[in-house]
Amino acid sequence: MMKLGPGERLVLRGLLTVGKYPVLVASAAYLLNRYAGWIIPAWAVCLGALAIIPLVVFMAVRIRYWQVFSAAARRGAIIAPQWRGRWLGNLDILYLVLEGFRNGYPGDFSSDMFSELGPTIRFNVLWDFGILTCDPAVIKTILATEFQNYEKGEVFQGQMKTLLGTGVFNSNGDMWKWHRSMTRPFFSKDRISHFELFDRHAEVALNKMSERFRAGYAIDFQDLVSRFTLDSATEFLFGACVHSLRSMLPFPHNTSTSSPFAAVTMSPVSEQDAAEAFATAFTAAEHVCAERAMVGAIWPLLEMRKDKSLAHMRVVDRYLRPILEEALRKKARREHVEKARGMKTDEEADDIEESETLLDHLVKLTSDLTVLHDEVLNILLAGRDTTATTLTFAVYLLAMHPDVLQRLRTEVLEKVGPKQRPTYADIKEMRYLRAVINETLRLYPAVPFNIRVSVNEGLLPNPDGKPFYVPAKVGVSYSVWAMHRREEYWGPDAQEYDPDRFLDERVNKYLTPNPFIFLPFNAGPRICLGQQFAYNEMSFFLIKLLQRFSAIDLAPEAISPSMLPPKEWASAPGRKGKEKFTPKSHLTLYVTGGMWVRMTEAEELNTGL
Ligand code: HEM
Ligand SMILES: *[C@@H]1O[C@H](CO)[C@@H](O)[C@H](O)[C@H]1NC(C)=O
């Protein structure tokens, strides 16, 4: 059978849905002619066949609106205020959102609407209902209080399916519970072995940086730190580091020596070594899925004939499969030996050894290759870019605020010293470091926008009166980005970078009474599994960075001017007017063109203090 592409399937399904009405009209005309002897002219039949589609849509929409409004009234609720578009079906709203994602400042597309209509609004693109919110009380309802009623929707799952299958990040209900219970024990302990691993990779990364700075070049910190998190993640997840730090770093845009890494990204797979091909293909598959997430339910139209992620996933699988098979063989051998010795074979799943990888842990629980494959890739996706992005913006903000950098560096030198490897206990005690990380996550949350879909109808809190009614199967999008920057929740200096807000009286004033205003890691039963891991990894890297370097300068001249923030941003209030680079969001936040910086090596190292 011919295999249809994702777009072709969507169009076909659409035609089958609306196509039956013109067929119905034509059949009716035929029957009237045949049995009642009516003669209906062909033009009238055609007109009827055409007119019936908008008529049916119009009727269906009317009925739906009527049902929704009367269901709301019955429950003593109202419908959230509407963001009204100007075009047919409010398509201008869809356009505005997409345009905002491509070229705008994150969150701009909705900020006027939030100030005009309140923190929870409704929009009806193509007559469908959608909710958008930045209200912590509403977010608390969908993530925690009424967790059961709000799932990752089918649309999101469809977008991610080829990349994530049914792993923890992409499943609902019992399937999700099963995945979560399988992976959670692995994250429940802080394992010292991670520190050894971070240390090795951080050391490689810092040496590469020093080398470039000594040669007089700026570096793209976003690129560098993404390699650090990829190498660390692949090693701790499946015990096979992809060594992306071994490839050469990119050079500034106007340097004649162009980046061999960029060339590798473009060249055919056969010329690369398997690990590098894996890293490149995984990133490419992620980009395909991020594109899909931007266009929403109609994403298959971007991929009419074939699924764009499949070719990349074949490369990913070619690398991963032998690793998974080897882990299963090792397990079989171990069981065989234990049986021969008469030892018990049913190892305790909670019993995790110090040096165990996630994969070692998973093979104790299942021998299903697909489950293993999906699970490790889910966690790679969840953990890699998020951590890299946060470190990137942490460095960005430290460069813009040398006073904060100096104070943090003092804490590093006092608590850890100029050269010593940081320990878990050191990191726990460094309150200012944690405040710096939190303040970065507040202003630049790695996952700025997210969505849940209602299972059944429900009610959402409304600060100004009757609750808002949500029909079944309606998307509730939430903007952590907007919530994290609102004066209403954070006070008059909400747009300012000030780590002290996590340490001084402002904590008691804003955060303690209303903890849902700060949600970089989500909340409720689906809260990030890797939160502790992420704090450790990021703290570790920042400490080593400040042990080696004492000053950071932004180098916007290193990227092509077309990637810099548009001139008109400069006059905008708040953070937008201050940006030196261009933040963008796909699944996670990132910087267009990279985060180019120069750093000064610390005196302590040179004098051997
Ligand atoms: C700064 C770093 C990180 C941030 C800001 C972050 C943020 C988040 C957020 C917002 C979610 C919720 C996504 C959703 O349900 O829609 C999430 C889920 C998750 N995160 Fe993280 N994350 C970070 C690092 C990590 C790391 C390092 C790992 C693993 C090593 C990890 C593993 C996971 C997993 C497995 C989930 C899915 C949990 C579930 O659905 O039950 N994350 N993270
Ligand atoms: C940082 O935020 C986390 C929540 O994600 C919180 O547990 C911690 O206390 C905060 N630390 C500081 C110093 O602000």
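- Going by the annotation in an unreviewed UniProt entry, the name recorded for the protein is Cytochrome P450, with Daedalea quercina L-15889 given as the source organism.
- As stated in UniProt under Cofactor (unreviewed entry), the record for the protein gives "heme".

## So, the pattern of salt bridges
1) Next: One pass over the structure, following the stated rule, counts 28 salt bridges.
2) Next: We note a salt bridge from Asp108 to Lys576, for which the minimum N-O separation is 2.6 Å. Of this pair, Asp108 sits in helix H4 (residues 108-117) while Lys576 sits in the loop between strand E9 (549-554) and strand E10 (582-585), and the two are 468 residues apart along the sequence.
3) Next: For Glu439, the salt bridge is made with Arg501, and the minimal N-O distance between the two is 3.1 Å. On the criterion of sequence distance, the pair formed by Glu439 in helix H17 (residues 431-443) and Arg501 in the loop between helix H19 (487-490) and helix H20 (506-511) is long-range, its members being 62 residues apart. Here Glu439 matches Arg501 in class, with each residue buried.
4) Next: Residues participating in the shared-partner salt-bridge network are Glu439, Arg442, Asp493, Asp498, Arg501, Asp504 and Arg506.

## Observations regarding the nonpolar core
1) Next: The biggest cluster of nonpolar side chains holds 165 residues, and the ones touching the most others in it are Met209, Phe221, Phe238, Phe541, Leu545 and Met599.
2) Next: With 17 residues, the top contributor of residues to this core is helix H14 (residues 369-400).
3) Next: Once residues within four sequence positions are removed from consideration, Met599 is found in contact with Met209, Phe213, Phe221, Val395, Leu545, Phe549, Ala551 and Ile552.

## Considering the packing of helix H11 (residues 274-295) against H14
1) Next: Following both chains from N to C, one finds H11 and H14 inclined at 80 degrees, their axes separated by 12 Å at the closest point. Classified by the angle their axes make, H11 and H14 are roughly perpendicular. Residues Phe278, Phe282, Thr283 and Glu286 of H11 form the contact with H14, whose participating residues are Leu377, Leu380, Leu381, Arg384 and Asp385.
2) Next: In the contact of H11 with H14, the residues fall into 5 nonpolar, 1 polar and 3 charged.

## A word on the layout of surface pockets
1) Next: Put simply, the second largest pocket is a space of about 700 Å³.
2) Next: Lining of the second largest pocket is provided by 15 residues; of these, Thr17, Val18, Val57, Ala60 and Leu126 occupy positions nearest its centre.
3) Next: At the level of secondary structure, the elements contributing two or more residues to the lining of the second largest pocket comprise helix H1 (6-36) and helix H2 (42-74).
4) Next: Across the lining of the second largest pocket, the residue classes break down as 10 nonpolar, 2 polar and 3 charged.

## Section: the sheet that holds strand E3 (residues 150-151)
1) Next: Strand order in the open sheet formed by 5 strands is E1-E2-E8-E5-E3, and the pairing between neighbours is mixed. Sheet topology places strand E1 (120-123) and E3 at the edges, where each strand pairs with a single neighbour.
2) Next: Examined bridge by bridge, E1 and strand E2 (residues 130-133) share 4 bridges and lie antiparallel to one another. Counted as the bridge partner of Ile121 is Leu132 from E2.

## Looking at the environment of Glu154
1) Next: Turning to its location among the elements, Glu154 is positioned in helix H6 (residues 154-164).
2) Next: The sequence separation of Glu154 and Val474 amounts to 320 residues, and the corresponding C-alpha distance is 11 Å.

## A word on the site of ligand 1
1) Next: Taken together, 27 residues surround ligand 1, and among them Trp176, Arg180, Asn450, Arg452 and Cys528 come closest.
2) Next: Arg452 is positioned such that a nitrogen or oxygen atom in its side chain is 2.8 Å from an oxygen atom of ligand 1.
3) Next: For ligand 1, an oxygen atom lies 2.9 Å from a polar atom in the side chain of Arg526.
4) Next: Contributing elements (two or more residues each) for the shell around ligand 1: helix H7 (173-187), H14, strand E5 (449-454) and helix H21 (531-548).
5) Next: If you tally residues by element for the shell around ligand 1, the top one is H14, at 6 residues.

## Side note on the site of ligand 2
1) Next: Every residue near ligand 2 is listed here: Arg431, Arg434, Ala435, Asn438, Phe502, Phe518, Gln531 and Tyr535.
2) Next: In the model, an oxygen atom of ligand 2 is placed 2.4 Å from a nitrogen or oxygen of the Asn438 side chain.
3) Next: For ligand 2, whose accessible area on its own is 360 Å², the fraction buried by protein is 63%.
4) Next: Of the residues contributing to the shell around ligand 2, the split by class is 4 nonpolar, 2 polar and 2 charged.

## A look at the packing of H6 against H11
1) Next: The interhelical angle for the contact between H6 and H11, taken along N-to-C directions, is 175 degrees, at an axis separation of 9 Å. The angle between H6 and H11 places the two elements in the roughly antiparallel class. Across the interface between the two elements, Gly158, Gln159, Met160, Thr162 and Leu163 of H6 pack against Phe282, Ala285, Glu286, Cys289, Arg292 and Ala293 of H11.
2) Next: For the contact of H6 with H11, the per-class residue count stands at 6 nonpolar, 3 polar and 2 charged.

## Re the pairing of E5
1) Next: As judged from the 2 bridges shared by E3 and E5, these two strands associate in the antiparallel manner. Along E5, the bridge assignment pairs Glu151 with Val453.
2) Next: Judged from the 5 bridges that link them, E5 and strand E8 (residues 475-479) form a sheet pairing that is antiparallel. Note that in E8 the partner of Phe449 across the bridge is Ser479.

## Notes on the UniProt feature "transmembrane region" (unreviewed entry) in the protein
1) Next: Under the UniProt annotation, the feature "transmembrane region" (unreviewed entry) is placed at residues 12-32 and 38-61.
2) Next: For residues 38-61, the helix share is 83%, the strand share is 0%, and the end-to-end C-alpha distance is 32 Å.

## What about the environment of Asp135?
1) Next: If you trace the backbone, Asp135 turns up in the loop between E2 and helix H5 (136-145).
2) Next: For Asp135 and Phe114, which are 21 residues apart along the polypeptide, the C-alpha to C-alpha distance reads 9.8 Å.
3) Next: Those residues within four positions of Asp135 in sequence are excluded, and the remaining contacts are Pro119, Thr120, Pro461, Pro463 and Tyr489.
4) Next: A polar contact is formed between the side chain of Asp135 and the backbone nitrogen of Ala137, at a distance of 2.9 Å.

## A short note on the packing of aromatic side chains
1) Next: This model, assessed by the stated rule, comprises 32 aromatic pairs.
2) Next: Note on Phe186 and Phe187: the rings are 5.5 Å apart at their centroids and 90 degrees apart in plane angle, and the pair reads as edge-to-face.
3) Next: Chaining the aromatic ring pairs together yields one cluster made of Phe186, Phe187, Phe195, Phe198, Phe236, Tyr424, Phe533 and Phe540.
4) Next: Directly above the aromatic system of Trp490 lies the positively charged group of Arg442, at a separation of 5.1 Å from the ring centroid.
5) Next: A cation over an aromatic ring shows up here: Arg485 above the ring of Tyr444, its NZ or CZ 5.2 Å from the ring centre.

Conventions used here
- Residues numbered from 1 in each chain as written.
- Chains lettered and ligands numbered in written order.
- Predicted model: local features only at pLDDT ≥ 70, side-chain atom pairs only at ≥ 80, totals over all residues.
- Heavy atoms only, no water.
- UniProt positions renumbered as here; feature names shortened; annotations may be inferred.
- Salt bridge = Lys/Arg side-chain N within 4 Å of Asp/Glu carboxyl O.
- Helix = DSSP H or I, 4+ residues; strand = E, 2+ residues; numbered from the N terminus.
- Buried < 20%, exposed > 50% of the residue type's maximum accessible area, 1.4 Å probe, protein only.
- Core = buried A, V, L, I, M, F, W, Y, C linked by side-chain atoms within 4.5 Å.
- Contact = heavy atoms within 4.5 Å.
- Axes fitted to C-alpha atoms, helices over the stretch in contact; angles between N-to-C directions.
- Parallel < 35°, antiparallel > 145°, perpendicular 65-115°, else oblique.
- Nonpolar A, V, L, I, M, F, W, Y, C, P; charged D, E, K, R; others polar.
- 1 Å grid on protein atoms, 1.4 Å probe; cavity = no way out; pocket = protein on both sides within 12 Å on 5 of 7 lines; lining within 4 Å.
- Points joined across faces, edges and corners; volume = space filled by probe spheres on them.
- Pairing = 2+ DSSP bridges.
- Near = heavy atom within 4 Å.
- Polar contact = N/O pair within 3.5 Å; in protein donor to acceptor, adjacent residues only side chain to side chain.
- Areas by Shrake-Rupley, 256 points an atom, 1.4 Å probe, with all protein chains shown as cover.
- Phe/Tyr/Trp six-rings, centres within 6.5 Å; stacked < 30°, edge-to-face > 60°.
- Lys NZ or Arg CZ within 6 Å of the ring centre and 35° of its normal.

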